Amino acid sequence: MKADDGLYNIKELKTDGLTISAVVTFNKDHWIYGVHFPQYPVTPGAIILQVAEDLLCMGTGEDYKMVGSKNVRFYNVIAPDGREVYFKMSYRKLAENWIEIGKNVDINAAGPSLLSRMLSVNCDVSDKSGDTSFAKISAVYRRY
C-alpha cells in the first residue's frame, strides 16, 4: 500500500545520512477505517509496518521488503483524526557485520553479496512531542 492509495498523506520526508524522518497523516475517509472499526476507527498494526516500509523505500530511493522483524511493539492506537504521526528511522547495511548476522539468520553461505542488499532498520513512531509513542519497529529489509 503506497501513499498514492489515499490511506495516508506524507506532509514531510527528509533524509540525513542513514536517517529518514517523515510526517504522515491518515485519511479518515479511506475504506479501511470503515471495517477497522466503524465505530472507533483505528489504524491496523500491519498498515503501520507497511507505511514504515513505504517511507524507507522513498527515503532510500530503492525497493525494499521486510524479510524479518527483530522486535515490533505497538503502544498506542493511531486514529485517523488528522493528527500528525512522526516516523523516524535509522538504518545500516548488514554487510558491514555479515558474519555475526549470518549466524543469527542462517545465511552465512550467501556472504556479503546477499547482505549488501539488506538493511537493519529501527523505527520510532510517535507524536510531534515524542511524548506519545505509537510503535517501535526493529526489522530487516531486503532490496529487490
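As a reminder, the structure under discussion sits directly above these lines.
Quick caveat: nothing in here was measured; it's all calculated off a predicted structure.

(A) How the structure looks around the nonpolar core. Counting residues in each nonpolar core, the largest one holds 30 residues, and the members touching the most others are Phe26, Leu56, Phe87, Met89, Val125, Ile137 and Tyr141. Mapped by element, the contributors of at least two residues to this core are strand S2 (19-26), helix H1 (32-35), helix H2 (45-60), strand S4 (85-93), strand S5 (118-126) and strand S6 (133-143). Take this core: its biggest share by element is seven residues, from H2. Other than its neighbours up to four places away in sequence, phenylalanine 87 contacts Ile20, Ser21, Ala22, Val24, Ile48, Val51, Ala52, Leu55, Cys123, Asp124 and Val125.

(B) Fine view of the environment of serine 133. Relative to the helices and strands, serine 133 is located in strand S6. For the pair serine 133 and isoleucine 78, spaced 55 residues apart in the sequence, the C-alpha separation amounts to 10.0 Å. Discounting residues that sit within four places of it in the chain, serine 133 has contacts with Tyr75, Asn76, Val125 and Ser126.

(C) Broad picture of the sheet that holds strand S1 (residues 8-16). Ordered in space as S1-S2-S4-S5-S6-S3, the six strands form an open sheet in which the pairing is antiparallel. Looking along the sheet, the strands with just one partner apiece sit at the ends: S1 and strand S3 (64-74). For this sheet the average axis-to-axis angle between neighbouring strands, irrespective of direction, equals 20°. Looking at chain direction, S5 and S6 are connected through nine bridges and run antiparallel. In the sheet register, valine 121 faces S6, and the bridge partner there is alanine 139. Running at roughly 130° to S3, H2 makes contact with S1, S2, S3, S4, S5 and S6 of the sheet.

The rules behind the values
- Residues numbered from 1 in each chain as written.
- Predicted model: local features only at pLDDT ≥ 70, side-chain atom pairs only at ≥ 80, totals over all residues.
- Heavy atoms only, no water.
- Core = buried A, V, L, I, M, F, W, Y, C linked by side-chain atoms within 4.5 Å.
- Buried < 20%, exposed > 50% of the residue type's maximum accessible area, 1.4 Å probe, protein only.
- Helix = DSSP H or I, 4+ residues; strand = E, 2+ residues; numbered from the N terminus.
- Contact = heavy atoms within 4.5 Å.
- Pairing = 2+ DSSP bridges.
- Axes fitted to C-alpha atoms, helices over the stretch in contact; angles between N-to-C directions.

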